[in-house]
Amino acid sequence: MPEHPASLNSLKQSLVNPLLEQMTLPEKIGQMCQVNGAGGWVPEDLAEAVRNGQVGSVINEVDAETVASLQKIAVEESRLGIPLLIGRDVIHGFKTIFPIPLGQAASWNPELVEQAAGIAAIEAACAGINWTFSPMIDISRDPRWGRIAESFGEDPHLTSELGTAMVRGYQDNGIGACAKHFAGYGASQSGRDYFTTEIPENELRNVYLEPFRAVAKAGVASFMTGFNDLNGVPASGNEFLLQQVLREEWQYPGMVVSDWESISQLTTHGFTADDREAAFEALNAGVDMEMVSRTYADHLASLLEEGRLSIAKIDAMVANILLTKARLGLFDQTFTASVSEGGKQELALEQARQLAAQSCVLLKNNGQCLPLRPQQLKSLAVIGQLADDGYEQLGTWIFDGDERLSETPLQSIRAHLDGVAEVRYAKALETSRSQDQSGFDDAVSVVEQAQAAVLFLGEESILSGEAHCRADLDLPGCQAALVERLSRIGKPLILVVMAGRPLTLAPVLEQVDAVLYAWHPGSMAGPAISDLLFGLQSPSGKLPVTFPKVVGQIPIFYNHKHGGRPPSPETVVHIDEIPVRAKQTSLGMSAFHLDAGYQPQFPFGFGLSYTRFDYRHLSLSHTEITADQSLTIEVELENSGDVAAEEVSQLYVRDLVGSVTRPVKELKGFQRNRLLPGDVKTLQFTLTPEDLAFYDRKQQRLVEPGRFQIWVGGDSDAELTAEFELK
Ligand code: GLC
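What you see as residue numbers is a count from 1 along each chain, following the sequence as written. In view of the model being predicted, local features appear only for residues whose pLDDT reaches at least 70, and side-chain atom pairs are presented and counted only at 80 or more, with totals across whole chains, interfaces and linings using the full set of residues. Only heavy atoms go into the side-chain values, all of them from the structure, while hydrogens and water stay out.

The sheet built from three strands is open, its strands ordered S6-S8-S9 with mixed pairing. Single-partner strands in this sheet number two, and they are strand S6 (196-197) and strand S9 (233-234). Two elements, S6 and strand S8 (residues 229-230), share two bridges in a ladder whose sense is parallel. The residue bridging Thr196 from the neighbouring strand is Asp229, located in S8. For two strands to pair, DSSP has to find at least two bridges joining them. Only DSSP runs of H or I covering at least 4 residues are called helices, and only runs of E covering at least 2 are called strands; the numbering of each starts at the N terminus.

Here it is as structure tokens:
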């Protein structure tokens, strides 16, 4: 998909501009309108609108024949023959479902994420889809927010790397990507969706905008504006975002689409008085295409007639849309019904299995109770509804997912132990939300007869995703009571969590021997989890988001600022240890909670393995560098255990003094390596001054001389450290 400025200019000269000159005003406005498909047929009014050039895009039509019919009308029966953008939410797979994006992020594997997006693109293109509303790259620091499931987590660098990988995967395989939701949506107050976001510009630029800047540089075909009210100006009418940042500073050449009816919602926000004003504000800000609501279709012509808008502005926005269609090659395509996926189903499922396995994070493994050793098992208990539900394991945003492709953990465990050990299953609960404990006795009986038990608990898929936010992050329903009851039997308990967000696991953590966090792993949840439970692979996932101990700690994230009174073990007292009549200043005056301290349950980047990795001999190529030099960081990594495994090694940097306060550490590099037992490998990271750039108090992006500290290790609590100076 061409993205070089020269090739874009030639498309503009050769195709876009000549077409624009022929277009009437109604045809121009038509390109700016996206309508909802009818789902498998073409109603006459839709056919007529397409024929009259009043539709630029159709969303949610996935029947290949219907899409081919719509394109045929657009190309052969309309006056100018402009093809349609066919948009769909292909978020983590089309028919083959990969882990939810938060799970994919836990793999820290851009190559696998890119391959998964490529497979999704090929499957979606077979239905005639040429545009996906993905990647969602909202920085998400609040697990109460249901849409954290769709994100790559809390870190700008990891989100940038995986977001650009997903863009490449989609766009190198024939469909346009869409960076969303521009911008700041993940900071929605109290973790409620569609709500207010107040983000100081410096924080907006240094954190929330960074992934969008990265995918814009990577040539993402489109941006989608958010639902959120950003600092008093809703994102879908926000001139600062869409003009100053996106067009003037970033020189972005692609197109901008609103979110679903987010233009008409400008009036709901109280930002505009009516649809007419909403159309004016959105167009003035620079939203090229309106998703589903009709303010552009109804009001742009009269706003133009009144002189409140210029035809030049409309032409520029229509040109963005036409250029996007040209970049996608739509003008060169013949539109026939679906093409075969070319028998790639097996490959797709194998990729889904690999990515699901690498996305699972081992959070606890007391006494190395994992991996399970079949020869030591006569009977294994498998407990929980989520062990055997091919739909729930897929997660949120799987409109077109084919549940028939799912292999559940129970199925895979049974297959693996066939002829070796007995597998006894008890569902125990009808749903993850159930308060009905009547199934507990059955579960107890099954566990009593087994040598070990694997509990599949967590959240059904409906409990995360858009509009599905939670104020309490404990295991829903009476799942914790089930764990407590089973823990009294005294058998090894392995907890596998399927969820769309970090959960507060403290209530059950001490009652189980191991915890494997699987997110919602997708079609191949079964083989992936079974491979890990029985040690065919070692877990290698790392957390892309911080896990709080209690919901009251939120927001809690690793790349926080230092503050003037930072906490430390010496400066905190627990609420239960406060002496009677303690003096006011006697408890340590630093940034902590009396009843929770200041540490998370599990830190960003954390994940255990079946082996042990040791880091040593950190060395820097220079103790100081100038603005035109880069720094090479070397560290020795050893697999000190007795199984082969992969480790995601992470590089963190702290700018010790800045003209604005800087985070206590920031992820600046990571790499995944497979080591056999006893292997020692020297890892190399490279830091350039550009990696150290940030926006200062004047919102200028610059690199400041000064001292920097670096850490390298297996999570954000890495201790191996060194310093250097940028002159
Ligand atoms: C939804 C979501 C957005 C999605 C769009 C189209 O409301 O906010 O992420 O792409 O509408 O379904």
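With that settled, consider the domain arrangement of the chain. For every domain, the bounds stem from an assignment made automatically or drawn from a database. Under the domain assignment used here, the chain contains domain 1 (27-332), domain 2 (360-533), domain 3 (557-599) and domain 4 (613-726). A straight line from the C-alpha centre of domain 2 to that of domain 4 covers 36 Å.

Another point: the side chain of Ser538. Within the secondary structure, Ser538 is located in the loop between helix H20 (525-533) and strand S18 (613-620). A residue is classified by how much of its surface remains accessible, and Ser538, at 10% relative accessible area, is buried. Here Ser609 takes part through its side chain, which lies 3.0 Å from a polar atom of the side chain of Ser538. Setting aside chain neighbours within four positions, we find Ser538 in contact with Leu532, Ser609, Tyr610, Thr611, Ala644 and Ala645. We call a residue buried when its accessible area falls under 20% of the maximum for its residue type, exposed when it is over 50%, and partly exposed in between, using a 1.4 Å probe and counting protein chains only. A 3.5 Å cut-off defines polar contacts: any pair of N or O atoms within that distance qualifies, except that in protein one atom must be a possible hydrogen donor and the other a possible acceptor, and neighbouring residues in sequence count only when both atoms are side-chain atoms. Here, two residues are considered to be in contact whenever any of their heavy atoms come within 4.5 Å of each other.

What follows is about the packing of helix H12 (residues 275-285) against helix H13 (residues 295-305). Where helices are involved, their axes are fitted lines through C-alpha atoms of the stretch in contact, as for all axes, and angles between N-to-C directions lie from 0 to 180°. Taken N-terminus to C-terminus, the directions of H12 and H13 make an angle of 80 degrees; their axes are 9 Å apart at the nearest point. The orientation of H12 with respect to H13, classified from their angle, is roughly perpendicular. Here Asp275, Arg276, Ala279, Phe280, Ala282 and Leu283 of H12 lie close against H13, whose contacting residues are Thr295, Tyr296, His299, Leu300, Ser302 and Leu303. Class assignment of the residues belonging to the contact of H12 with H13 gives a composition of seven nonpolar, three polar and two charged. Roughly parallel means an angle under 35 degrees; roughly antiparallel, over 145; roughly perpendicular, 65 to 115; everything else is oblique. Amino acid classes used here: Ala, Val, Leu, Ile, Met, Phe, Trp, Tyr, Cys and Pro are nonpolar; Asp, Glu, Lys and Arg are charged; the rest, including Gly, are polar.

This brings us to the side chain of Ser379. Residue position: Ser379 is located in strand S13 (residues 379-383). Note on Ser379: relative accessible area 3%, which makes it buried. Ignoring sequence-local partners within four residues, the contact set of Ser379 consists of Ala421, Glu422, Arg424, Gln449, Ala450, Gln451 and Ala452.

We define the nonpolar core as a collection of buried residues of types Ala, Val, Leu, Ile, Met, Phe, Trp, Tyr and Cys that are connected through side-chain atoms lying within 4.5 Å of one another. Residues Met32, Phe182, Phe223, Leu241, Trp250, Tyr296 and Leu300 are the most contacted members of the largest nonpolar core, which totals 112 residues. The greatest single-element share of this core, amounting to eight residues, is contributed by helix H14 (residues 311-327). Formed jointly, this core draws a minimum of three residues from each of two domains, domain 1 (27-332) and domain 4 (613-726). In contact with Leu241, not counting residues within four places along its chain, are Phe182, Ala183, Leu204, Leu209, Leu230, Ala235 and Leu246.

This part covers the site of the ligand. Whether a residue is near a molecule or strand depends on its heavy atoms: it is near if one of them lies within 4 Å of it. Near the ligand there are 13 residues, and of these Asp89, Arg147, Lys180, His181 and Asp259 occur at the shortest range. Here an oxygen atom of the ligand sits 2.7 Å away from a polar atom, N or O, in the side chain of Arg147. A distance of 2.6 Å separates an oxygen atom of the ligand from a polar side-chain atom of His181. Burial of the ligand by the protein amounts to 94% of the accessible area it has alone, namely 310 Å². For the shell around the ligand, the per-class residue count stands at seven nonpolar, one polar and five charged. Surface exposure here means Shrake-Rupley accessible area, sampled with a 1.4 Å probe, where a residue is shielded only by the protein chains that are shown.

What follows covers helix H9 (residues 210-217). In terms of burial, H9 is a largely internal element, six of the eight residues being buried. For H9, every residue scored as buried is listed here: Glu210, Pro211, Phe212, Arg213, Val215 and Ala216. Buried residues belonging to H9 abut helix H7 (156-171), strand S5 (178-182), helix H8 (201-208), strand S7 (222-225), strand S24 (694-695) and strand S25 (701-702). Taken from the residues just after H9, Gly219 is the one with a positive phi, measuring 90 degrees.

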